[in-house]
Structure formats: C-alpha cells, structure tokens
Amino acid sequence: MSKDWNKRTQAVHGGTRRSQWGEVSEAIFLTQGFVYDDAEQAEARFIESGPDEFIYARYGNPTVRMFEERIAALEGAEDAFATASGMAAVSGALTAMLKAGDHVVSARALFGSCLYILENVLSRFGVEVTFVDGTDLDQWRAAMRPDTRAVFFESMSNPTLEVIDIEAVSAIAHEVGATVIVDNVFSTPVYSRAIEQGADVVVYSATKHIDGQGRALGGIILGTRDFIRKTVEPYMKHTGGALSPFNAWILLKGLETMALRVNAQTDSAGRIAAALEGHPALARTLYPGLDGHPQAALVQRQLGGRGGTVLSLDFAGGKDAAFAFLNAMSIPVISNNLGDAKSIATHPATTTHQRLSEDQRSELGITPGLVRFSVGLEDTDDLIADLRNALDAAMAQNI
Ligand SMILES: *Cc1c(COP(=O)(O)O)cnc(C)c1O
C-alpha cells in the first residue's frame, strides 16, 4: 500500500487484505467471533490486539477493517471507525468525546436527525449547544467560549446547499482548542480535502455516495489514530453501533466506482442546473456549481469548483407547484435518499424537515416550494427533457 497514491487508486486498492486463497475481490467475513489457538492467546488478545487480530465483530471484523482502511487512505485520515449508519457516526463522534458541562457550537442548517442529536439528545446529558448561521464567520467567532469542546457543521447544508468554510471555521475553533467535526456527505469523499483544510474529524453517511446504489446503510468516523482508537473505538464497541460485514463489503465495492459515479453525477447536475435556471416556474435554482451561487469563490477554493450531485429548485408557485412538478416527472423517483444512481427528488418541508416548525423552516430557507433533487446516472439529456416537462406542469399551478 502506498500513501502517495491518488484518490482513485486508493479507492480501488486501499486497505485490501487477502486471505490464504489470494482472492481478487475482497472477502466477506460473515462471522461474529474469532477462534483462539489456546487460552493464553485469548488472554493476550483481550489485553492488546494487533492489527490482524480480532475478538468480536462489534469491536472489529476483517471486512469492516478493509472498508475503514480504504476510506481512511482516500480521505487522508490516520484512521477510521465504521458504523451501522451515518447517524451512528454523527452521534458516536459527538457522544464519544463530550461530557456534561461541555459546550458545542453548531451550524443551524442541519439534516433533521443531526439537529435532533444536537438539540434534543446532547442537552439531556448536560451539554450546551449554541447554534449559528454557518456561513457567517462573525457568528462562529462570537459563539466560541473557553469551554467549547466541539464544533459541528455540514460542509454543504441540506437542502439549501450553503457551503461552510472549513478552513476559516477550523481556525476559529482551534483558537479555543475545540475539536472540529464535519459532516461531509454533500461534499463527498471524492471532492473532500477536509482534513487538509483543518477539520479534526470527518463523518460520512456511507448510505449516500459511497454505496451510491441504494442498497445498504453505513457510516464512518475519520480522524487521528488517537481520536479513533482512544475516544471513538471504546465508546462504539461498547454501545453497539458496529457496521455489518456484509454492508462493509457492499461499501468497499462502492468505493471502487465512487469517483466515476460522483464525477458523472456532478457533471450532469451542473448541466441540469444551467438548463433549468431561469425557468419561469422557479423562484430560485440552488446549485453550488453555478457561477451565480453566493459562495462560488469558496466552492472553487474548498471543492475545486465541483458543486456535487444535488441541486435544489424553489418553485414560485409554492407547495402546489412543487407537488405538480414531482408528480409529473417520469424518470426520477420520489424518495428521500441521495447520491444514488437513480435520480431522486424530495419535498423537504413535508418529509425530511417536516418535524421543524414553520419558523425554523423559514429561517433555514426551506420554503413550501423547495424541491431537493439528487442527480443520478441516467442520460443527462433525458433528465433535462423530463424535468422541463415537469416544470411546465408546475407552471400550470402558477396561473
Ligand atoms: C443521510 C445523512 C445523514 C444520516 O445518514 P444515515 O446513513 O441515513 O444514518 C447524516 N448527515 C447527512 C448530511 C446526511 O445526508
């Protein structure tokens, strides 16, 4: 294994371990436990396990370990711990390191379940959370305190696709010694340089682009070896959020094709956003890869100008127009996943963000007319033609 390999090579070969059979494709070790040669070996392994020594699949498993090492190599992180879902990664990263009396600063624009952890769960255990507008560096500065232990944000927010400056926020957080935890799902591991840009911990829902084909739940926490092995591992292995070896295998195979998929989906998303922008049915077309995006310069700096696979369309005719659009599409499916080979559209105000009050939604820019659109691997011209038809159907609602 070479540390110098570029991402696409790491995504194919990183972390590979072969059994005595020399299999080409990664083996699935569907085993909960591992046999010891003798009692002394069992005793020694419970005191300290070497890199190729496993005890129980809740602690680690060879297939899961391959996934952890492959994505750590890809992300440029020292180590990683794989989890049963993206939310197990988000909640695990936070709760493993926090205790009563700690203070956390978080961006307000969050995936619904992330908001639940920060707003409802941490407070029950005596952790205080201050929410800020993630795009406003003055608000980050003002919120930091000497007891701020962690800073949390989604580098690209869901569903309004605001981009948060990892480098600048990390510098502010590090002044008070806080650990920066970035949920990087929308930026994807393909475009991420989050660790190099200052993040201490990166989490992904592997359910999204890493699987990318709608099959399995999974998550990953990436960070320094110390943080992963001394803080995350003890917490995760005793609280039970382990990734299944079968899902780890699906995700390993997903990593092999991820760059091809995500690059094709991002190219397509850029073309679709440009083709639909300015359609009279739309009040706003939100896509970080558009030149007119409010943070286009940051997208250039942080993501090499790549806006990702998701765009959001805000219908002038509100919910009725959004629903008319969704019901008129013939290729994309209505569902709430993203990063999939199939194009997927969702209406956040009535689904993923339904739990929020109307005031909270409007503060986050989640209007009744907003539709989140995850671009899949279908032919771009087919998608544009289909979406234009659906936009025309939505127009009828405006009159
Ligand atoms: C989907 C998602 C999660 C949660 O991931 P699961 O695998 O569904 O648990 C967390 N954060 C973001 C930004 C997401 O999009």
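Residues numbered from 1 in each chain as written. Predicted model: local features only at pLDDT ≥ 70, side-chain atom pairs only at ≥ 80, totals over all residues. Heavy atoms only, no water.

(A) Seen up close, the environment of A84. Following the sequence through the fold, A84 ends up in the loop between β1 (79-83) and α4 (86-97). In the structure, A84 is positioned 156 residues away from G240 in sequence and 8.8 Å away in space, judged by C-alpha atoms. Those residues in contact with A84 that lie beyond four places of it in its chain are L217, G218, G219, G241, A242 and L243. (Helix = DSSP H or I, 4+ residues; strand = E, 2+ residues; numbered from the N terminus. Contact = heavy atoms within 4.5 Å.)

(B) Local environment of helix α5 (residues 112-124). Helix length check: α5, at 13 residues, gives a terminal C-alpha distance of 18 Å against a target of 18 Å (1.5 Å per residue), a fit within 8%. Along α5, the sharpest kink reaches roughly 25 degrees, centred on L118. Where α5 is concerned, the buried positions are G112, C114, L115, I117, L118, V121 and L122. Elements in contact with the buried residues of α5: α4, β2 (103-107), β3 (128-132), β4 (148-154) and β5 (179-183). One or two steps after α5, the chain reaches G126, where phi turns positive at roughly 80 degrees. (Expected span 1.5 Å × (residues − 1). Bend = angle between axes of the 7 residues up to and from the residue. Buried < 20%, exposed > 50% of the residue type's maximum accessible area, 1.4 Å probe, protein only.)

(C) Region of interest: the site of the ligand. Around the ligand sit 13 residues in total, of which G86, D183, S205, T207 and K208 are the nearest. The separation between an oxygen atom of the ligand and a polar main-chain atom of M87 is 2.8 Å. In the model, a nitrogen atom of the ligand is placed 2.6 Å from a nitrogen or oxygen of the D183 side chain. Protein chains bury 92% of the 380 Å² of accessible surface belonging to the ligand in isolation. Looking at the shell around the ligand residue by residue, the classes come out as five nonpolar, five polar and three charged. (Near = heavy atom within 4 Å. Polar contact = N/O pair within 3.5 Å; in protein donor to acceptor, adjacent residues only side chain to side chain. Areas by Shrake-Rupley, 256 points an atom, 1.4 Å probe, with all protein chains shown as cover. Nonpolar A, V, L, I, M, F, W, Y, C, P; charged D, E, K, R; others polar.)

(D) Representation of the packing of α4 against α5 in the model. Where α4 meets α5, the axes come as close as 10 Å, and the angle between the chain directions of the two elements is 35 degrees. Both α4 and α5 take part in a crossing whose hand is right-handed. Mapping the contact onto sequence places M87, V90, S91, L94 and T95 in α4 and S113, C114, I117, L118 and L122 in α5. Residues belonging to the contact of α4 with α5 are distributed by class as follows: seven nonpolar, three polar and no charged. (Axes fitted to C-alpha atoms, helices over the stretch in contact; angles between N-to-C directions. Left-handed = near helix turned anticlockwise from the far one by under 90°.)

(E) Broad picture of the pairing of β5. Taken across its five residues, β5 has five buried, putting it largely inside the fold. Burial along β5 is two-sided: T179, I181 and D183 facing one way and V180 and V182 facing the other are all buried. Pairing geometry for β4 and β5, over five bridges, is parallel. For F152, the partnering residue across the bridge sits in β5 and is I181. A crossover connection joins β4 to the parallel β5 through helix α7 (residues 166-175); in handedness this β-α-β unit is right-handed. As paired elements, β5 and strand β6 (residues 201-205) share three bridges and run parallel to each other. Residue pairing for β6: D183 is matched across the bridge by V203. (Pairing = 2+ DSSP bridges. Right-handed = clockwise from strand over helix to strand, strands pointing away.)

(F) Just the UniProt feature "modified residue: N6-(pyridoxal phosphate)lysine" (unreviewed entry) in the protein, in detail. Here, UniProt's "modified residue: N6-(pyridoxal phosphate)lysine" (unreviewed entry) annotation points to K208. Residue placement: K208 occurs in the loop between β6 and β7 (219-223). Filtering out sequence-adjacent residues up to four positions away, K208 remains in contact with V185, N337, L338 and G339. (UniProt positions renumbered as here; feature names shortened; annotations may be inferred.)

(G) How the structure looks around the sheet that holds β5. Taken together, seven strands build an open sheet; the order of strands is β1-β7-β6-β5-β4-β2-β3 and the sheet is mixed. The open sheet has two edge strands, β1 and β3, and neither has a second partner. If you compare each strand with its neighbour and ignore which way they point, the axes differ by 20 degrees on average. Across four bridges, β2 lies against β4 in parallel orientation. Within β4, the residue paired with V105 across the bridge is V151. Together, β2, β3, β4 and β5 form the strand contacts of α5, whose direction differs from that of β3 by roughly 140 degrees. This element, helix α9 (residues 225-239), spans β1, β6 and β7 of the sheet and lies at about 25 degrees to β1.

(H) Structural context of the nonpolar core. Within the largest apolar cluster, 54 residues are counted, with the highest numbers of intra-cluster contacts made by F67, W140, V151, F153, I210 and L222. The dominant element in this core, judged by the number of residues it contributes, is helix α10 (residues 245-276), at seven residues. Split by domain, the residues of this core number at least three in each of domain 1 (7-254) and domain 2 (258-397). Those residues in contact with F67, other than ones at most four positions away along the chain, are A82, A206, I210, G219, I220, L243, A248, L251, L252 and L255. Within the second largest apolar cluster, 32 residues are counted, among which are A93, A109, V129 and F227. (Core = buried A, V, L, I, M, F, W, Y, C linked by side-chain atoms within 4.5 Å. Domains from an automatic or database assignment.)

(I) Main features of a negative patch on the surface. On the surface, D37, D38, E40 and E43 cluster together into a negatively charged patch. With respect to the helices, strands and loops of the structure, E40 is situated in helix α2 (residues 39-47). (Patch = residues over 30% accessible without salt bridge, like charges linked within 9 Å, V, L, I, M, F, W, Y side chains within 5 Å. Salt bridge = Lys/Arg side-chain N within 4 Å of Asp/Glu carboxyl O. Lys, Arg positive; Asp, Glu negative; His and termini not counted. Charge placed at Lys NZ, Arg CZ, Asp CG, Glu CD.)

(J) The arrangement of α4 in detail. If you check α4, its first and last C-alpha atoms are 17 Å apart, about what 12 residues at 1.5 Å a residue would give, namely 16 Å. Of all 12 residues in α4, nine are buried, a share of seventy percent or more. Within α4, burial applies to G86, A88, A89, V90, G92, A93, L94, A96 and M97. A distance of 3.4 Å separates the backbone nitrogen of M87 from a side-chain oxygen at the start of α4, and that oxygen is part of S85.

(K) Structural context of the packing of aromatic side chains. Per the counting criterion, the structure on display carries five aromatic pairs. Ring plane angle 90 degrees and centroid distance 6.4 Å describe the contact between Y56 and Y59, whose orientation is recorded as edge-to-face. Ring geometry for F315 and F325: centres 4.9 Å apart, planes at 45 degrees, overall tilted. Pair noted here: F315 is in strand β9 (residues 310-315) and F325 is in helix α12 (residues 318-328), with a separation of 10 residues, a long-range link. Using a relative accessible area of 3% as the deciding quantity, one classes F315 as buried. In this arrangement the basic side chain of K208 is found over the ring face of F111, its NZ or CZ atom lying 5.1 Å from the centre. (Phe/Tyr/Trp six-rings, centres within 6.5 Å; stacked < 30°, edge-to-face > 60°. Lys NZ or Arg CZ within 6 Å of the ring centre and 35° of its normal.)

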